[in-house]
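Inside the fold
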Amino acid sequence: MTWIIKWPMACRHHGDHGDGHTTGHVTRSIWTGTVDRVEGHGKAMVEIHDRKVIKALWLVNESNRFIEAMLRGSNYTSVAPTVARVCGICSVGHTLASLQATEAAFGIDISEQTRLLRKLAANAAILQSHTLHVVALVLPDLLGDDSIVPFMQKHPAEAGRVLGLKSLANDINLLIGGKITHPVALEVGGIRKAPDRCKLEKCRTDLENCIDDLDLLVGLVASLTLNHPYYKDGSEYEREREFISLHNPNEYPTFDGVLCSSDTGCSHVLGHRGVIREYMPPYGTGLYARHVRKSFMVGALARINNNFAMLSPAAKKVAEALGLSVPCHKPFMNTVAQLVECRQAIDAMVVIIDKLLAPGMLYDEGAPNVKPRAGCGVGAHEVPRGTLVHEYEYDKDGRIVHANLKVPTGFNHGSIQEDFKTFLPYLVDESDVRIRRFMGDTVRAYDPCISCSVHELDEDIIIKR
Amino acid sequence: MTKLRIAVGEAGASCEACMLQLLNLEDLPAFVSSFDILKFRLAQADSADEQGDSYDAVFIEGSITHGEGIEKVRWFRRRTKLLVALGACAGWCGINGRVPPETIHDARTGAYGSYIKGRQVFEPLALSDVVKVDLIIPGCPVDKGEVREILEALRAGRTPCIPQYSMCTECKHQGEPCIYRSEGKGSGHDLCLGPITRAGCKAKCPHTGVGCFGCRGFVDCPNFEALFMVAARHGVAKEHVEEKINLINKVPYREYKQKKGEKK
């Protein structure tokens, strides 16, 4: 089978010159609409004067859901189900970070079985989200299409196979969490009912069988990226930056670990208070964040940069096949890093399932024994898009006094903007269409999930009316 | 046969999980080829509107939280034969209904920065508060199996069927042991809202040993008093039951209580 390779907009030297391409001493102000194929709403703009980029902004105008306000006064049992609904794609990650924070506040230890099941769910969530992003959101760019639909029509069998990875991850989350999205079985203190042994064994078999499908996807992406201007060796789209992720000396991090910065090393203070400062920029309503520099990056690429040694041997091979070596400062490689993590997640899940199938495991824990107490707790979790931190303060009855959710998409806003400022000067001679596309591609590389905070509506519709 | 022209959009505040369930359909390639999907921002670049000016069905998720949302929903309503509310947030405000009114007030007066201040902010609205809604697909998030059924029904031109009986019926059909009879009762989560909740989810939560959260909304004519009695018999106070109801059904429950107050 041959893949039809078509560059989305060729490389920058022969870009199309439609739509208002101007030269000379004119100020060009270029806005993207709401960037599509990302979760949530954001817009980008650049102002070019005299072939110089004078302003480049990534605007996240989140509208209002006030999840933290909803949490105030909530009983601890309602907290995880509420925060799961912050985001449909990261619902498992939000649930797990929330449980971790609540358990830290109450001083609860969870059983080894619960810990393993949660890790299994976390890895399945990574596989689910990454395949969604790579296949449905980024692949169309690489193939030069507007959506995944043409790919599905041209290669239905292959599309079915790569989307099967997502279905498998969904099945695992259904088995552990009780629902594909917004898990219900993950509760403070433990898991009531152990998953069915036969179903778990089937998941293990399916995981081993799906490696071929992942290899198919890796081969496809490799054929499209190895010579692509965004991804290739020596690409100009590279900016030295700080990476932050969790780090665990024994395994690839999910939720056990300490915060690690590529600039300053590990910090045992999980609560970001003092380590990462969040601030509100004068534009937009999304919080931005900084550590020692103006911005930092979180996500798959940050995790791999900080934890490459902990990857499984097979995952390292995937990295090699895709031309990813650390340290890597090319933001577009985040998509590639996600594929490496897919393999890592599959390998980790097989190991976890083997541990769960061992004698003495898979027992029903029954209703968890939770005794609320007043106190604060922090949960830090590596979700598909990066490090997620939940900080709660409880009163003695187990009701939330104060809740603070720090979401990885927010951490990346600053980095996206810095990338615009660094890379857009290469494109000042290009057409508006090309620049708009580049900004969309950059945003998508970070796999932002702006719905975490909420939505702005696309005004274009209203204006056109 | 001409393909049905459909669009998938969002009204404002939502987590996009309901749209995600469409992408979760296992037979996505087949589904995609049997419809003409004109708008689906989560999955495709926006097509120009010249062609997309009319639709056979529009699926909208999320609650409306500002004026632009109202405009958008009306825009879709004018251009579509069927308008479907996708999930709890669009159907009856879902979890967004939990926003404390004082927070909305603070937002209006500028506590959240100047951006929100200049914008119309109000308590979340369901789609049916603004336009005529032809169908509500219940669930938080919607069940992908049910979504597929409804799409099939649309294609075949028959009326889709949303169960009108309570979750308990379905739970018993599946042979799940009753949550109220299982161990550890009364400790918060195993309080089950099955008796007042609309069926159709295949009793997923009781299957994992956890009580129903009521994410599919109320069954027609829910009997709350009977639920409070059952819960009380198992040592759960009314306030705990109400807290769980308010998780996803705060708005319809408030309306129920108001109506009850009027009758008295």
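Since the model is a prediction, treat every value here as computed from it, not as a measurement.

Let's shift gears to the overall build of chain A. Helix and strand counts for chain A come out as 14 helices and eleven strands. By the burial criterion, 66% of the 465 residues in chain A qualify as buried. When contacts within chain A are restricted to residue pairs at least 6 apart in sequence, those whose partners lie at least 24 apart make up 73%. For chain A, the exposed area adds up to about 15700 Å²; of that, 52% sits on carbon and sulfur atoms.

Attention shifts here to the pairing of strand β10 (residues 386-394) of chain A. Residues and elements named next belong to chain A. β10 sits mainly inside the fold: eight of its nine residues count as buried. Relative to β10, strand β9 (residues 375-383) runs antiparallel, the two sharing nine bridges. By the bridge assignment, G375 is partnered in β10 with Y394. Between β10 and strand β11 (residues 400-406), which pair antiparallel and follow one another directly, the connecting turn spans five residues, one of which, G398, has a positive phi of 80 degrees.

Before going further, it helps to examine the sheet that holds β10 of chain A. Residues and elements named next belong to chain A. On the basis of which strands lie adjacent, the open sheet formed by three strands has the order β9-β10-β11 and antiparallel pairing. The sheet is open, and its two borders are formed by β9 and β11, each paired with just one other strand. Recorded for the sheet is a direction-independent mean angle of 10 degrees between the axes of neighbouring strands. The strands touched by helix α12 (residues 408-423) within the sheet are β9, β10 and β11, with β10 carrying the most contacts at an inclination of about 130 degrees.

What follows concerns the packing of helix α4 (residues 112-143) of chain A against helix α13 (residues 432-445) of chain A. Residue and element names in this part refer to chain A. The contact between α4 and α13 brings their axes to 11 Å, and the two run at 160 degrees. Classified by the angle their axes make, α4 and α13 are roughly antiparallel. In this structure, the crossing between α4 and α13 has a hand that is left-handed. Seen from α4, the contacting residues are H133, L137, V138 and D141; seen from α13, they are R437, D441, R444 and A445.

Right, let's get into helix α10 (residues 224-233) of chain B. All names here are of chain B. Of the positions making up α10, those classed as buried are F224, L227, F228 and A231. Along the axis of α10, the buried residues cluster in a sector spanning 100 degrees; they form a single face. Those residues of α10 that are exposed and aimed more than 90 degrees away from the buried face are M229 and R233. For α10, the capping residue at the N-terminal end is N223, with a side-chain oxygen 3.4 Å from the backbone nitrogen of E225.

It is worth spelling out the environment of L193 of chain B at this point. Residues and elements named next belong to chain B. Among the structural elements, L193 can be located in the loop between α8 (167-173) and α9 (204-207). For L193, a relative accessible area of 1% translates into the label buried. Separated by 18 residues in sequence, L193 and G211 place their C-alpha atoms 6.8 Å apart. Non-local contacts of L193, meaning those with residues more than four positions away in its chain, are made with C212, F213, G214, L227, V241, K244 and I245.

With that settled, the discussion passes to the pattern of salt bridges. Counting across every chain of the model gives 33 salt bridges over all chains. Close ionic contact of D213 of chain A with R161 of chain A constitutes a salt bridge, the shortest N to O distance being 2.7 Å. Placement of the pair is D213 of chain A in helix α8 (residues 211-225) and R161 of chain A in helix α6 (residues 156-177), with a sequence separation of 52 residues. For D213 of chain A, a relative accessible area of 16% corresponds to the buried category. Under the relative-accessibility criterion, R161 of chain A is labelled partly exposed at 36%. Close ionic contact of D56 of chain B with K81 of chain B constitutes a salt bridge, the shortest N to O distance being 2.8 Å. Pair noted here: D56 of chain B is in strand β3 (residues 55-61) and K81 of chain B is in strand β5 (residues 80-86), with a separation of 25 residues, a long-range link. Here the residues in one salt-bridge network are R115, K119, E251 and D256 of chain A, joined through shared partners.

Quick look at helix α3 (residues 67-79) of chain B now. Counted at 1.5 Å a residue, the expected span for α3 of chain B with its 13 residues is 18 Å, and the 19 Å between its end C-alpha atoms agrees. For α3 of chain B, the set of buried residues is G67, G69, I70, K72, V73, W75, F76 and R77 of chain B.

Here the focus is the confidence of the model for chain B. All names here are of chain B. With 88% of its residues at a pLDDT of at least 70, chain B reaches an overall mean of 85. Low confidence marks residues 185-189, where pLDDT is under 50. Its contacts with residues over four positions away, or in another chain, come to 15 contacts. Across the predicted assembly, pTM comes out at 0.89 and ipTM at 0.90.

For soluble globular proteins, nonpolar side chains are generally found buried alongside one another. The biggest cluster of nonpolar side chains holds 163 residues, and the ones touching the most others in it are L324 and Y392 of chain A. In terms of residues, this core owes the most to one element, α4 of chain A, which gives 18 residues. Y180, C201, L227 and A231 of chain B belong to the second largest nonpolar core, which has 20 residues in total.

On to the packing of aromatic side chains. Summed over all chains, the structure comprises 22 aromatic pairs over all chains. Ring plane angle 80 degrees and centroid distance 6.1 Å describe the contact between Y237 of chain A and F332 of chain A, whose orientation is recorded as edge-to-face. Here Y237 of chain A, found in the loop between α8 and β4 (244-247), pairs with F332 of chain A, found in the loop between α10 (313-321) and α11 (333-357); they are 95 residues apart in sequence, far enough to count as distant. Residue class for Y237 of chain A comes out buried when judged on its relative accessible area of 0%. Residue F332 of chain A is classed as buried on the basis of its relative accessible area, which comes to 1%. Ring-pair connections join several aromatic residues into one group, and the members of that group are Y230, Y231, Y237, F332, F423, Y426 and F438 of chain A. In this structure, K119 of chain A packs its charged tip against the face of F255 of chain A, placed 5.7 Å from the ring centre. One Lys or Arg, K244 of chain B, reaches over the ring of F213 of chain B and ends 4.5 Å from the middle of that ring.

Rules and cut-offs
- Residues numbered from 1 in each chain as written.
- Chains lettered and ligands numbered in written order.
- Predicted model: local features only at pLDDT ≥ 70, side-chain atom pairs only at ≥ 80, totals over all residues.
- Heavy atoms only, no water.
- Helix = DSSP H or I, 4+ residues; strand = E, 2+ residues; numbered from the N terminus.
- Buried < 20%, exposed > 50% of the residue type's maximum accessible area, 1.4 Å probe, protein only.
- Contact = heavy atoms within 4.5 Å.
- Areas by Shrake-Rupley, 256 points an atom, 1.4 Å probe, with all protein chains shown as cover.
- Pairing = 2+ DSSP bridges.
- Axes fitted to C-alpha atoms, helices over the stretch in contact; angles between N-to-C directions.
- Parallel < 35°, antiparallel > 145°, perpendicular 65-115°, else oblique.
- Left-handed = near helix turned anticlockwise from the far one by under 90°.
- Arc of directions from axis to C-beta.
- Polar contact = N/O pair within 3.5 Å; in protein donor to acceptor, adjacent residues only side chain to side chain.
- Salt bridge = Lys/Arg side-chain N within 4 Å of Asp/Glu carboxyl O.
- Expected span 1.5 Å × (residues − 1).
- pLDDT = per-residue confidence, 0-100.
- Core = buried A, V, L, I, M, F, W, Y, C linked by side-chain atoms within 4.5 Å.
- Phe/Tyr/Trp six-rings, centres within 6.5 Å; stacked < 30°, edge-to-face > 60°.
- Lys NZ or Arg CZ within 6 Å of the ring centre and 35° of its normal.

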